[in-house]
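# Chains, contacts and geometry: an overview
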Amino acid sequence: GENVEQHPSTLSVQEGDSAVIKCTYSDSASNYFPWYKQELGKRPQLIIDIRSNVGEKKDQRIAVTLNKTAKHFSLHITETQPEDSAVYFCAASRGSGYALNFGKGTSLLVTP
Amino acid sequence: EAGVVQSPRYKIIEKKQPVAFWCNPISGHNTLYWYLQNLGQGPELLIRYENEEAVDDSQLPKDRFSAERLKGVDSTLKIQPAELGDSAVYLCASSVGQGGSEAFFGQGTRLTVV
């Protein structure tokens, strides 16, 4: 089955700096790659996703890049703010008919 | 519009006792998932339903776990008997179509087995 590796497990940045989280996947048939943000004690919430026909997608301070050849994708957060502090999960799916396979998460801490 | 609703939010039981969790997905969402989330880990799929049919239950420990989704709407997940290692957060999620579209999560049920 699909194996999703996520790095780093923890990340601490100063407010205003950028944060990058990287994931690799094993199943070459995966074609949908969402990123979820989970604050302490709350539900995971989708922040951005990308499909395999696109190499990059951006939404304000958040961007995701995908390299299908290398089977890795990354989350980029620019101008980080303390409210960005949370656990971020990447996931991969084959799309229709398959569930999401999650990475182990990255705990991001943005210090003022 | 209400999101995915789960109950109870918290449950503490003694080992060997049964427990059940309930999930009400977003209206119109055909796909329903139950995920298990251990502390410091990502969600792991237990079972996925397309309408009332369980289409992926390969990760569900069937000796003690069972699930149902009658009429293709609400779903229940049951553990009988519970073990200490079952302590975790049980997340329900739903999506409009089959896997590959945005999944919306409920708040989860935090189970503690003592």
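Our structure's up above, just so we're on the same page.
This write-up is about the structure you can find in this document. Per chain, residues are indexed from 1 in the order of the written sequence. Labels are handed out in written order, letters beginning with A for the chains and numbers beginning with 1 for the ligands. Selection of residues for local features in this predicted model requires a pLDDT of at least 70, selection of side-chain atom pairs for listing and counting requires 80 or more, and totals for whole chains, interfaces and linings are taken over all residues. As a convention, hydrogens and water are excluded, and side-chain values are obtained from all of the structure's heavy atoms.

## Here we look at the pattern of salt bridges
- Criterion for a salt bridge: a side-chain nitrogen of Lys or Arg within 4 Å of a carboxyl oxygen of Asp or Glu. Taken as a whole, this structure holds nine salt bridges over all chains when the rule is applied.
- Residues Arg48 of chain B and Glu50 of chain B are paired through a salt bridge, measuring 2.5 Å at the closest nitrogen-oxygen approach. The same class applies to Arg48 of chain B and to Glu50 of chain B, which are both buried.
- For Asp57 of chain B, the salt bridge identified is with Lys62 of chain B, shortest N-O distance 3.8 Å.
- Summary of the burial criterion: residues with accessible area below 20% of their type's maximum are buried, those above 50% are exposed, and those between are partly exposed, where the area comes from a 1.4 Å probe applied to protein chains only. A relative accessible area of 29% places Asp57 of chain B in the partly exposed class.
- Residues joined by salt bridges that share partners form a network here, namely Lys37, Glu39 and Lys42 of chain A.

## Things to note about the sheet that holds strand S7 (residues 65-68) of chain B
All names here are of chain B.
- Taken in spatial order, the four strands of this open sheet run S1-S3-S8-S7, and their pairing is antiparallel. Of all the strands in the sheet, the pair left with one neighbour each is strand S1 (5-7) and S7. Between one strand axis and the next, the sheet turns by 15° as a mean value, whatever way the strands run.
- Pairing between strands is defined by DSSP: at least two bridges between them are needed. Secondary structure elements are defined from DSSP: runs of H or I of at least 4 residues count as helices, runs of E of at least 2 residues count as strands, and each element is numbered from the N terminus. Strand direction decides the pairing type here: S1 and strand S3 (residues 19-24), joined by three bridges, are antiparallel. Within the sheet, the bridge partner assigned to Gln6 lies in S3 and is Cys23. Axis geometry follows a simple rule: fit a line to the C-alpha atoms, using only the stretch in contact for helices, then measure angles between N-to-C directions, giving values from 0 to 180 degrees.

## Topic: the state of the cysteines
- Put simply, a disulfide is two cysteine sulfurs that come within 2.5 Å. For the structure on display, the rule yields two disulfides over all chains.
- Two residues share a disulfide in this structure: Cys23 of chain A and Cys90 of chain A, whose sulfurs sit 1.9 Å from each other. The sign of the -100° torsion about the S-S bond sets the Cys23 of chain A-Cys90 of chain A disulfide as left-handed. Residue Cys23 of chain A is found in strand S3 (residues 19-25), and its partner Cys90 of chain A is found in strand S9 (residues 86-92); the two are separated by 67 residues along the sequence. Judged on exposure class, the residue Cys23 of chain A and its partner Cys90 of chain A are both buried.
- Between the sulfur of Cys23 of chain B and that of Cys92 of chain B lies a disulfide, 1.9 Å long from S to S. With the S-S bond torsion at -70°, the cross-link from Cys23 of chain B to Cys92 of chain B turns out left-handed.

Nothing here speaks to function; it is geometry throughout.
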